[in-house]
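Per-entry structural report
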Amino acid sequence: MADTDIAQLNKIAAQMRGKVIEMVAASGAAHLASAMSCLDILVAAYWRILKLDASTAAHPLRDRFILSKGHAASALYAVLAERGFFSKDWLESFATHGAPLAEQPAPGCAPGVELATGSLGHGLPVGAGHALAAQIQKHDYQVLVCMSDGECNEGTVWEAAMFAAARKLQNLTVVVDYNKWQATGRSNEVMQLSPLREKWAAFGWKTVEIDGHDIAALIDALDRSKQEAGKPTAIIANTVKGRGVSFMEDDNNWHYRVPKAAEVEAAKKELGLL
Amino acid sequence: MRNAFADEMLSLARQDPRVVLLSADIGNRLFDKLKAEFPDRFYNCGVAEANMIGVAAGLAQSGLRPFCYTITPFITYRCMEQIRVDLCYHHLPVTVVGTGSGLSYASLGGTHHSCEEMGMLRLLPGLTVGGPADAPELRALLRDSLNQNGPVYLRIGKKGEPQMHRDVPALKFGQSIMLREGSDACILSIGTVLPVAMAAAEKLAASGISTQVVTFPTLKPLDEKCLQMVFSSFKVVATLEEHSILGGLGGSVAEWKADHPELNARLVRLGTPDEFLHLTCEQEEAREHYGLTAEGIAGRIYGLIA
Ligand SMILES: Cc1ncc(C[n+]2csc(CCOP(=O)(O)OP(=O)(O)O)c2C)c(N)n1
Ligand SMILES: [Mg+2]
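Since this is a predicted model, take the numbers as computed values, not measurements. (Residues numbered from 1 in each chain as written. Chains lettered and ligands numbered in written order. Predicted model: local features only at pLDDT ≥ 70, side-chain atom pairs only at ≥ 80, totals over all residues. Heavy atoms only, no water.)

Turning our attention to the domain arrangement of chain B. Residue and element names in this part refer to chain B. When cut into domains, chain B gives domain 1 (2–155) and domain 2 (177–305). Taken together, the contacts link 28 residues of domain 1 with 27 residues of domain 2. Summed over both sides, the interface of domain 1 with domain 2 buries roughly 2000 Å², with 55% coming from carbon and sulfur. It is L103, M118 and R122 that lose the most area in domain 1 upon contact with domain 2, and together they represent 31% of the buried surface on that side. (Domains from an automatic or database assignment. Contact = heavy atoms within 4.5 Å. Buried area = accessible area lost by both parts, 1.4 Å probe.)

Spelled out as structure tokens, the structure:
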């Protein structure tokens, strides 16, 4: 992939981060750092991987993207709006009274939102269902699920992992946003998550571990996952919670905190948006 | 309310060495004091609620008194079978506490609402089900949890709920407390919606309808003495809850009333309807949406009496 192309995508990711910061600042919603953590994954997927756009959002043969870590919905909304799934005006009213976009995705709340998430541990089982449906109906769409590392605490994740491997769901890919934090502590202290890649491998998945902010590496890994025969793929994406703004990076207070006006400005400066 | 929960747990841990607190990756810093004082009596079980309930069952079978705490839908809906089999079937003294219940987290969407869980849980044999209105009621019920020899479920609010009692009331499971005396209508209220009941009574008084308000913090076992009394004394008895009118306080009282056809009072169930809330909004706005406001409630009762 040409460097200019990646530079362009990085610029889009910075814009998306700026948007998410504005949405959170305006609405007072939580989980800003969670959204920033997974934004590069979403940009790689929506700009380069998914056979999915506004015109095919309801098409039975579309690729599916499920944001299982629903608390990062602001990132999904910003990306979908930028890709033209719905009006950018909707972002302005994010999480306000009567708005179409709630803090966490409601069923059918907007074109492109596949699933109501927000209770962790649901996206992978449902994604496996979509992937199995493709097998049954002889379709060749891909299913991409983005999960958080704390989410890997949930038993349903591993139930789905065993199921997907047994059914050889090669059209299913999970990206784990491995930012090393969950709500109340380090994800390797609250539970023993590591070795995370080896866990997925032991469950019968093809695995790859990459820098989750390297958009070229994300595109490459997601591309390869499509070619994988006989196995689902788990991409362990090493990320930094709050990525993109120095005073938010790896500071879990931003799991809940809402930036003040001065912080919004400082953040946008750092992102090269001012 | 959650601060009172943390504080009361600390004092229970000091009083009773069997007390162990489990949480599921929420309540950042909330339990720091307890952790510092009793490092082996607090466990963050991660985003793995079902496992947390199972672990609590094992602790209880070994003589400890576990309390489990996280956001209501995750500690109830997600753990239904663990609660039923591990806790209720074995009748183990574990207290399950759901925070942010009802529509406290309205803004987070349907995954975070819990307007059905009391109805689901009260069907489980041997489970005591409570919904304190404020911090003092919560403290009283937490203390009484240690007197139970079986499982307990408590649904609580989040933070900043108005305090309705000056001090911790002498309250046990299965009891209710009259907070305002009246003679025409009576509101039985469970949980944090109680201030709305008080305000509705005030409004009704202005329209010449004398309304009694009873805080009714235990859904199961029902305070049948109170029910007997209010259904014999009032023209209208209203149940009020931030929960579906199916299965919760309204549902329980309707079942009880069906067994007492000799009592004449008219029952009206105030709560949420049998639907998911799809409106993006905060708790206050959600209550307005469902008419769970002083005006809304007063209007419903006025219509039945005047
Ligand atoms: C089943 C369930 N339990 C608890 C929660 C509350 N909760 C919201 S985010 C979160 C953990 C956040 O950490 P992680 O999953 O690693 O996501 P990150 O924000 O780091 O991307 C928790 C416990 C939830 N949403 N769902
Ligand atoms: Mg994380």
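Another aspect to go through is empty space enclosed by the protein. Residues and elements named next belong to chain B. Here the structure, examined in full by the defined rule, presents 5 cavities of 30 Å³ or more. In this structure, the largest cavity is lined by S101, G102, S104, P132, R155, I156, G157, I190, G191, T192, V193 and E242. When grouped by side-chain class, the residues that make up the lining of the largest cavity number 4 nonpolar, 6 polar and 2 charged. The two domains that each donate at least three residues to the lining of the largest cavity are domain 1 (2–155) and domain 2 (177–305). (1 Å grid on protein atoms, 1.4 Å probe; cavity = no way out; pocket = protein on both sides within 12 Å on 5 of 7 lines; lining within 4 Å. Points joined across faces, edges and corners; volume = space filled by probe spheres on them. Nonpolar A, V, L, I, M, F, W, Y, C, P; charged D, E, K, R; others polar.)

In this section: the coordination of the magnesium ion (ligand 2). All names here are of chain A. Coordination of the magnesium ion (ligand 2) by the protein comes from D149 (OD), N179 (OD1) and W181 (O), over a distance range of 2.0 to 2.2 Å. Donor residues binding the magnesium ion (ligand 2) come from one chain and are separated in sequence as D-x29-N-x1-W. We note that N179, like W181, is buried. (Donors = N, O, S within 2.8 Å, 3.2 Å for Na, K, Ca; no water. Buried < 20%, exposed > 50% of the residue type's maximum accessible area, 1.4 Å probe, protein only.)

All right, on to the sheet that holds strand β6 (residues 206–211) of chain A then. Residues and elements named next belong to chain A. Read across the open sheet, the 5 strands follow the order β1-β2-β3-β7-β6; overall the sheet is parallel. Only two strands of the sheet have a single neighbouring strand rather than two, namely β1 (64–67) and β6. Between one strand axis and the next, the sheet turns through 20° on average, direction left out of account. Where strand β3 (residues 172–178) and strand β7 (residues 233–238) come together, 6 bridges link them in parallel fashion. (Pairing = 2+ DSSP bridges. Helix = DSSP H or I, 4+ residues; strand = E, 2+ residues; numbered from the N terminus. Axes fitted to C-alpha atoms, helices over the stretch in contact; angles between N-to-C directions.)

Here we take up the site of ligand 1. In the neighbourhood of ligand 1, 22 residues make up the surrounding shell, with S34(A), K69(A), S148(A), D149(A) and E49(B) lying closest. D149(A) places a side-chain nitrogen or oxygen 2.6 Å from an oxygen atom of ligand 1. Contact distances for ligand 1 include 2.8 Å between an oxygen atom and a backbone N or O atom of G150(A). Within the complex, the protein chains bury 98% of what would otherwise be the 580 Å² of accessible surface of ligand 1. When atom positions are compared with the pocket grids, ligand 1 is found to occupy the largest pocket. (Near = heavy atom within 4 Å. Polar contact = N/O pair within 3.5 Å; in protein donor to acceptor, adjacent residues only side chain to side chain. Areas by Shrake-Rupley, 256 points an atom, 1.4 Å probe, with all protein chains shown as cover. Sits in = over half its atoms within 2 Å of the grid points.)

Glancing now at the interface of chain A and chain B. Across the contact, 28 residues belong to chain A and 21 residues belong to chain B. In total, about 1900 Å² of surface goes out of reach between chain A and chain B, with carbon and sulfur atoms giving 49% of it. Where chain A meets chain B, there are 1 salt bridge. Among the salt bridges present, the one from R78(B) reaches E154(A), with a minimum N-O distance of 3.1 Å. (Salt bridge = Lys/Arg side-chain N within 4 Å of Asp/Glu carboxyl O.)

All names here are of chain B. Taken together, 5 strands build an open sheet; the order of strands is β7-β9-β8-β11-β12 and the sheet is mixed. One side of each edge strand has no neighbouring strand; the edge strands of this open sheet are β7 (177–180) and β12 (266–272). Looking at each pair of strands side by side, their axes are set apart by 25° on average, direction ignored. Relative to strand β9 (residues 211–215), β7 runs antiparallel, the two sharing 3 bridges. Residue pairing across strands places M178 opposite V214, the latter belonging to β9. Taken strand by strand, helix α9 (residues 224–233) contacts β8 (185–189), β9, β11 (236–244) and β12, and its axis lies near 155° from that of β8. The sheet strands contacting helix α12 (residues 294–305) are β8, β11 and β12, and the helix crosses β12 at an angle near 160°.

Attention shifts here to the environment of A35(A). Residue and element names in this part refer to chain A. On the secondary structure map, A35 appears in helix α2 (residues 32–49). Along the primary structure A35 and K269 are separated by 234 residues, whereas in three dimensions their C-alpha atoms are 19 Å apart. Once residues within four sequence positions are removed from consideration, A35 is found in contact with V20, A72, S74 and A75.

Residues and elements named next belong to chain A. Counting through the fold element by element, T233 comes out in strand β7. When the C-alpha atoms of T233 and V208 are compared, they prove to be 7.9 Å apart, with 25 residues separating the residues in sequence. T233 has contacts with L172, T173, V174, W205, K206, V208, S225 and E228, leaving out every residue within four places of it along the chain.

The next point concerns the side chain of H165(B). Residues and elements named next belong to chain B. Here H165 shows up in the loop between β6 (152–155) and β7. The exposure class of H165 is buried, given its relative accessible area of 9%. In this structure the side chain of H165 is engaged in a polar contact, spanning 2.7 Å, whose partner is the side chain of E137. Excluding its chain neighbours within four sequence positions, the residues that come into contact with H165 are D134, P136, E137, I177, L179 and T215.

Turning our eyes to something else, we now look at the layout of surface pockets. In this model, the largest pocket occupies a volume close to 1100 Å³. When residues of the lining of the largest pocket are assigned to their parent elements, the largest contribution, 3 residues, is made by strand β3 (residues 65–71) of chain B. Along the lines of polarity and charge, the residues of the lining of the largest pocket split into 17 nonpolar, 20 polar and 13 charged. Estimates place the volume of the second largest pocket at around 640 Å³. Contributing to the lining of the second largest pocket are 36 residues, with A116(A), G109(B), G110(B), T111(B) and F276(B) lying nearest its centre.

Before going further, it helps to spend a moment on the pattern of salt bridges. Residues and elements named next belong to chain A. Evaluated as defined, the whole model comprises 28 salt bridges over all chains. A salt bridge links K268 to E22, with the shortest nitrogen-to-oxygen separation between them at 2.4 Å. Placement of the pair is K268 in helix α9 (residues 261–270) and E22 in helix α1 (residues 3–27), with a sequence separation of 246 residues. When its relative accessible area of 30% is taken as the criterion, E22 is described as partly exposed. Between R224 and D220 there is a salt bridge, with its nearest N and O atoms 3.0 Å apart.

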